[in-house]
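What the coordinates show
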Amino acid sequence: MSKFWSPLAASLVPYVPGEQPKDKKYVKLNTNENPYPPSPAALEAMADAVNGDLRLYPDPTADELVRAAADYCGLSPAQTFVGNGSDEVLAFAFAAFFDPAKPVLFPDITYSFYKVYATLYGLSPKLIPLDDEFHIPLEQFAGEHGGIIMPNPNAPTAQLLALEEIRDLLERNPDNVVIIDEAYIDFGGESAASLVPEYPNLLVVQTLSKSRSLAGLRVGLAFGSEELIDGLNRIKNSFNSYTMDRVALRGAVASLRDEAYFRETTAKVVATRERVTEQVLGLGFRATDSKANFLFISHPRFPASELFAKLRERGVLVRYFNSPRIDNYLRVSVGTDEEMDMFLAALKGIVSD
Ligand SMILES: *Cc1c(COP(=O)(O)O)cnc(C)c1O
């Protein structure tokens, strides 16, 4: 607490990202980063963008990237928005679409940034509890409220909603914006971006951080009706005209156009996920049906907090959430096959002790 902080700054409970340790080299499976490098075409485009033109401001409307993202989803540039990571896109969306006079609905177990944004913007969240199997009770996202947000697949449970379930949710809530955060959709789900032409209340948010291996570049995308995209641009242009730098713009365009590399690396992550899931089940773990690039696992005899600490001692970093209902689970990002073999070896050592 400082006397120099505004009442707003004093009231916040900021998001705590997964640790990026500097003490030694870990097998790092704690922040859902992609183990494979970005598309070589993206790296080349970025290297090419590092030149004297950096003295100039970037394109404030990011036209080329907006067009590449729109093409990728089969939508128009007017239905497309880009931002400095999807966290920024989400922050703009909270400000643009959610009514502070009414509760904003999201699952009780979900991406913890939502609660942080709700506080930042003076919104009152209403948390809808997942059932015991961690399924989202979609029928409870209804009635009088100020908007809905959820990830699909959900994080950290990794479970996927079918496109038809999203459609029902949109049908039931025509007067509110429904944000579907598709950070992990490329690892086994079907994007709701195809529903954008039908539902003016749908905003789909995606990121290049996970499936495109560009967490370090900070690029997020959003797809929605023209009126929603206009709303996002109103917030963005009241905040920062140049959210996307020249290097990010070039890298992101090249990444979105390199479909073959994207398919190849996401397929590798999915294959590794399936193999590792089978192995952890063999060790007596329970695992949710993951359609993301991470596993969400729990052991009936070994507390997750203990497994977390012992894995860390053995040089394997995973994510442990000390929060109600999920404090006996570990979230384990899918790394390379080699990294996952090290994880499995460490896990075997611990549970056979
Ligand atoms: C990783 C993640 C994000 C943030 O992605 P960035 O584009 O890196 O900001 C957003 N939502 C969910 C659910 C995530 O897991």
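Scope of this entry: the structure provided in the associated data block. (Residues numbered from 1 in each chain as written. Predicted model: local features only at pLDDT ≥ 70, side-chain atom pairs only at ≥ 80, totals over all residues. Heavy atoms only, no water.)

**So, the overall build of the protein chain**
Here is the rule we go by: Only runs of H or I of at least four residues qualify as helices and only runs of E of at least two qualify as strands under DSSP, and these elements are numbered from the N terminus. C-alpha atoms define the radius of gyration in this analysis, and the globule rule sets the expected value at 2.2 Å times the number of residues to the power 0.38. The classification of residues rests on relative accessible area computed with a 1.4 Å probe and restricted to protein chains. Under 20% of the type maximum is buried, over 50% is exposed, and intermediate values are partly exposed. By the convention used here, residues are in contact when the closest approach between their heavy atoms is within 4.5 Å.
Scanning the protein chain for helices and strands turns up 11 helices and 13 strands. Computed over its C-alpha atoms, the radius of gyration of the protein chain comes to 20 Å, within 12% of the 20 Å expected for a compact globule of 353 residues. Expressed as lengths along the three principal axes of its C-alpha atoms, the size of the protein chain is roughly 60 × 50 × 50 Å. Within the protein chain, the fraction of its 353 residues that count as buried is 53%. Across the protein chain, contacts joining residues at least 24 apart in sequence account for 73% of those joining residues at least 6 apart.

**Description of a nonpolar patch on the surface**
What counts here: Patch criteria: residues need more than 30% relative accessible area and no salt bridge. Like-charged residues are merged within 9 Å; nonpolar side chains of Val, Leu, Ile, Met, Phe, Trp and Tyr are merged within 5 Å. Using a 1.4 Å probe, accessible areas were evaluated by the Shrake-Rupley method; residue-level cover was limited to the displayed protein chains. Each reported salt bridge corresponds to a side-chain nitrogen of Lys or Arg within 4 Å of a carboxyl oxygen of Asp or Glu.
On the surface, L8, L12, L120 and Y121 cluster together to form a nonpolar patch covering roughly 290 Å² of accessible area. As for its position among the elements, L8 is in helix α1 (residues 7–11). Owing to a relative accessible area of 40%, L8 belongs among the partly exposed residues under this scheme.

**Here's the deal with the nonpolar core**
The following threshold applies: Nonpolar cores were defined as sets of buried Ala, Val, Leu, Ile, Met, Phe, Trp, Tyr and Cys residues, with membership established by side-chain atoms within 4.5 Å. For the purposes of this description, domain bounds are those given by an automatic or database domain assignment.
The biggest cluster of nonpolar side chains holds 54 residues, and the ones touching the most others in it are L65, M150, L202, V219 and F223. Elements supplying a minimum of two residues to this core: α2 (40–49), α3 (63–73), β5 (148–151), α6 (163–172), β6 (178–181), β7 (202–207), β8 (220–224) and α8 (246–257). When residues of this core are assigned to their parent elements, the largest contribution, 7 residues, is made by α8. Both of domain 1 (7–37 + 262–352) and domain 2 (40–259) provide at least three residues apiece to this core. Leaving out residues up to four positions away in the same chain, L202 has contacts with L170, V178, I180, A192, L195, V196, F223, G224, S225 and L228. Within the second largest apolar cluster, 27 residues are counted, among which are A91, F92, F106 and I229.

**Observations concerning the packing of α3 against α8**
What counts is decided by this rule: Only the stretch in contact is used when fitting a helix axis, every axis being a line fitted to C-alpha atoms; angles between N-to-C directions are given from 0 to 180 degrees. Angle categories are assigned with fixed cut-offs, so that under 35 degrees is roughly parallel, over 145 is roughly antiparallel, 65 to 115 is roughly perpendicular, and the rest are oblique. Each crossing gets its hand from how the near helix is turned against the far one by less than a right angle, where anticlockwise is left-handed and clockwise is right-handed. Here the term charged refers only to Asp, Glu, Lys and Arg, the term nonpolar to Ala, Val, Leu, Ile, Met, Phe, Trp, Tyr, Cys and Pro, and the term polar to all other amino acids, Gly among them.
Running from N to C, α3 and α8 cross one another at 20°; their axes reach a closest spacing of 9 Å. Considering the angle they form, α3 stands roughly parallel to α8. In this structure, the crossing between α3 and α8 has a hand that is left-handed. Contacts between α3 and α8 pair E64, L65, A68, A69 and Y72 from the former with L249, A252, V253, L256 and R257 from the latter. Looking at the contact of α3 with α8 residue by residue, the classes come out as 8 nonpolar, no polar and 2 charged.

**Regarding the site of the ligand**
Convention followed: For each residue, the test is whether any non-hydrogen atom lies within 4 Å of the molecule or strand; if one does, the residue is near. N or O atoms within 3.5 Å of each other form a polar contact, as long as, within protein, one can give a hydrogen and the other can take it, and as long as residues adjacent in sequence are counted only when both atoms are side-chain atoms.
Neighbouring the ligand are the residues G85, S86, D87, L90, Y111, D181, A183, Y184, T207, S209, K210 and R218. The side chain of R218 places a nitrogen or oxygen atom 2.7 Å from an oxygen atom of the ligand. Starting from 390 Å² of accessible surface for the ligand in isolation, the protein chains cover 93%. In terms of residue count, the dominant contributor to the shell around the ligand is helix α4 (residues 86–97) (3 residues). Taken together, the residues of the shell around the ligand sort by class into 4 nonpolar, 4 polar and 4 charged.

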